[in-house]
Amino acid sequence: MNNTKVLISGASIAGPALAHWLTRYGFSVTVVERAPGPRPGGQAVDVRGPALDVAERMGILDQLRARSTRMRGMSVVDGTGAEVYRTTDRTVSGGELDNPDVEILRDDLARIITESVGGDVEYLFGDSIAKLDQDDDEVRVVFESGRARTFDLVVGADGLHSNTRRLVFGPTERFIRHLGVHMAVCTVPNFLGLDNWQVMHQMPDGDMRGAMVMSARDNTEARAYLMFGSAEPVDYDHRDVEGQKEIVARALAGDSWEMPRLLEHARAAADFHFDSAAQILLDSWSRGRVVLLGDAGYCGSPMSGQGTSLAMIGAYVLAGELAAAGGDHRAAFAAYEKELRDYARANQEMAVANLRERRAQAGQAADASAAAEVLVETGVADFAQVVASYPVKDY
C-alpha cells in the first residue's frame, strides 16, 4: 500500500474517528491538536441514522448508548419562568426521543472514539501546523513548535476555522456562509435542579435571542446554550474567550427569566465555547495530498444537527476509500467526495430551509405557546428524511 504515513490536524470527533479506521487498515497516523489535551465541554451531539451504523462497525455503539444524555423531555418558559410549552416526545437539542438516535456529550463521544483506536497513534498536543509545502511525492510540514516532519498525506479535521484549510485553500472568508445566528455553549451548575430535562427561553425582544439549559451527567451538572441573532457576523477573535463572554453578556442583557444568573455562571465557565452558526462551501474537498474532513470541509452548522454524524460518516468513507485504492490518494479523494458531497449538501440546505421556516412561522405566531411550538417542532419531518437518505457503503 502507498501513502501510509498520515497527519491529521484536529483531535475532536472527525480526527480520532479517522485515526480509528486508518489504523485498522494499517496506516501510520499522527494527530496534531492545538489544545494542550483533549478538549473538555461542548454541546450535546447526536449520532443519527447512518452514523449509528458506522458506530456499530467501530464497536462503540453500546458505549455511546450507555453514556447518552437520557433526556425525558423539555419545557419552554416565558420571561417570568411560567411554562408555555412542554413535551416528552422530543427535545430541542436531540429531536424525537422515540427513535434509535443517540444524544451524547461531545467530550464523552470524543473520549470513547479516541479510546477505541486499536493501533498506535502519535498525538502532538499543544501544537499546530504553521506551514505546508507539498509536491508529487510528499507533504513537508513545519509545526508552530518549530519541529519539521514529512508525511504522505495531510487531513484537515480542524473544524469551521480550519487552519489546514486556510493554509492550503485560502482564507475562511472565501468559503463561509453565515446563517445569522451566534451561539455559546458551556458547562454550568445544575442551578435549576433539572432531572434529565431541558428548559428553553426565548427573549421576547430579539430574533433568536435566548438560552437553553439541559441537565447532564446524571444531573450533577448542566450544559447551557446561549444564542442570539445578528444580521452581520460579529467581529471577534475566536481565541479570546473572555472577549467572547463579554459579547454574549451584552447580547443577552436583561432581566428576562434566569438570564442574569445564567450569564454569571457562563462568565465563570472553564469550557466556554462561542461561534457563529455557519457553513463551509467548497468546490473541492482536496488539493493535492491534502484533504478536508467534517466541519473543515462541509460544515453544516449546529442548525443542521448533523455535524457529528457527518464527521463520523466522512471519516469512515475517507479511510475506506484510501484502503480500497491501495493508498492512491487521487483516486481515494475523488471517490470520497463523490460518495458524500450530495449528502453533505442536502444537510446544509436542510439547515438553511428549516431556520428560514422557523423564523417565518415564529413571527406569525399568535402567542408565546404557539411560538414555542414552532421553535421546537418546525422541520422535524424533512430532517428525518434527509438524515436517512445515505446508505452506508461496505469497504
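Presented here is a report on the structure given in the accompanying data block.

Criteria and cut-off values
Residues numbered from 1 in each chain as written. Predicted model: local features only at pLDDT ≥ 70, side-chain atom pairs only at ≥ 80, totals over all residues. Heavy atoms only, no water. Axes fitted to C-alpha atoms, helices over the stretch in contact; angles between N-to-C directions. Helix = DSSP H or I, 4+ residues; strand = E, 2+ residues; numbered from the N terminus. Left-handed = near helix turned anticlockwise from the far one by under 90°. Contact = heavy atoms within 4.5 Å. Nonpolar A, V, L, I, M, F, W, Y, C, P; charged D, E, K, R; others polar. Pairing = 2+ DSSP bridges. Phe/Tyr/Trp six-rings, centres within 6.5 Å; stacked < 30°, edge-to-face > 60°. Buried < 20%, exposed > 50% of the residue type's maximum accessible area, 1.4 Å probe, protein only. Polar contact = N/O pair within 3.5 Å; in protein donor to acceptor, adjacent residues only side chain to side chain. Parallel < 35°, antiparallel > 145°, perpendicular 65-115°, else oblique.

Notes on the packing of helix H1 (residues 14-24) against helix H9 (residues 307-324)
Moving on, step 1. Look at H1 against H9: their axes get within 8 Å of each other, and the N-to-C directions meet at 35 degrees. Crossing of H1 against H9: the hand is right-handed. Every residue of H9 that contacts H1 at Ala14, Ala17, Leu18, Trp21 and Leu22 is listed here: Ala311, Ala315, Tyr316, Leu318, Ala319 and Leu322.
Moving on, step 2. For the contact of H1 with H9, the per-class residue count stands at 11 nonpolar, no polar and no charged.

Brief notes about the sheet that holds strand S2 (residues 28-33)
Moving on, step 1. An order of S9-S2-S1-S13-S20-S19 is seen for the 6 strands of this open sheet, with the pairing classed as mixed. Looking at strand neighbours, the two that pair on one side only are strand S9 (121-125) and strand S19 (286-287), the edges of this open sheet.
Moving on, step 2. Relative to strand S20 (residues 290-292), strand S13 (residues 153-156) runs parallel, the two being bridged by 3 bridges. When the bridges of S20 are listed, glycine 156 appears paired with leucine 292.
Moving on, step 3. Contacts from H1 reach strand S1 (5-9), S2, S9 and S13, with the element oriented near 165 degrees to S1.

Observations regarding the packing of aromatic side chains
Moving on, step 1. Applying the stated criterion across every chain yields a total of 8 aromatic pairs.
Moving on, step 2. For the ring pair tryptophan 285 and tyrosine 298, a centre distance of 4.2 Å and an interplane angle of 35 degrees mean the geometry is tilted. Highlighted residues: tryptophan 285 in the loop between strand S18 (273-280) and S19 and tyrosine 298 in helix H8 (residues 295-298), separated in sequence by 13 residues. Each member of the pair, tryptophan 285 together with tyrosine 298, is buried.
Moving on, step 3. Through successive ring pairs, a cluster of aromatic residues spans Trp21, Tyr316 and Tyr395.

Quick word on H1
Moving on, step 1. A large share of H1 lies buried, amounting to 10 of its 11 residues.
Moving on, step 2. Positive backbone phi, at 95 degrees, marks glycine 26, one or two positions downstream of H1.

Quick notes on the side chain of serine 230
Moving on, step 1. Mapped onto the elements, serine 230 comes out in the loop between strand S17 (221-229) and helix H6 (241-251).
Moving on, step 2. For serine 230, a relative accessible area of 19% translates into the label buried.
Moving on, step 3. Within the structure, the side chain of serine 230 is placed 2.5 Å from the backbone oxygen of glutamate 232, a separation counted as a polar contact.
Moving on, step 4. With sequence-adjacent residues up to four places away left out, serine 230 is seen in contact with Gly180 and His182.

Some remarks on the sheet that holds strand S11 (residues 139-143)
Moving on, step 1. Reading across from one edge, S10-S11-S12 is the order of the 3 strands in this open sheet, with antiparallel pairing throughout. Each of the sheet's edge strands pairs with one partner strand only, and the pair in question is strand S10 (129-134) and strand S12 (148-151). Across this sheet, the average inter-strand angle for adjacent strands is 20 degrees, counted without regard to direction.
Moving on, step 2. Relative to S11, S10 runs antiparallel, the two sharing 5 bridges. Each bridged residue has a counterpart across the sheet, and for lysine 131 the counterpart in S11 is valine 142.

Thoughts on the packing of helix H2 (residues 50-58) against H9
Moving on, step 1. Contact pair H2 / H9: the axes reach a minimum separation of 9 Å and the direction vectors enclose 55 degrees. Relative to H9, the element H2 is oriented oblique. Where H2 crosses over H9, the two elements pack in a sense that is left-handed. Across the interface between the two elements, Pro50, Ala51, Val54, Ala55, Arg57 and Met58 of H2 pack against Ser309, Met312, Ile313 and Tyr316 of H9.
Moving on, step 2. Across the contact of H2 with H9, the residue classes break down as 8 nonpolar, 1 polar and 1 charged.

Purely geometric stuff here, so don't read any function into it on its own.
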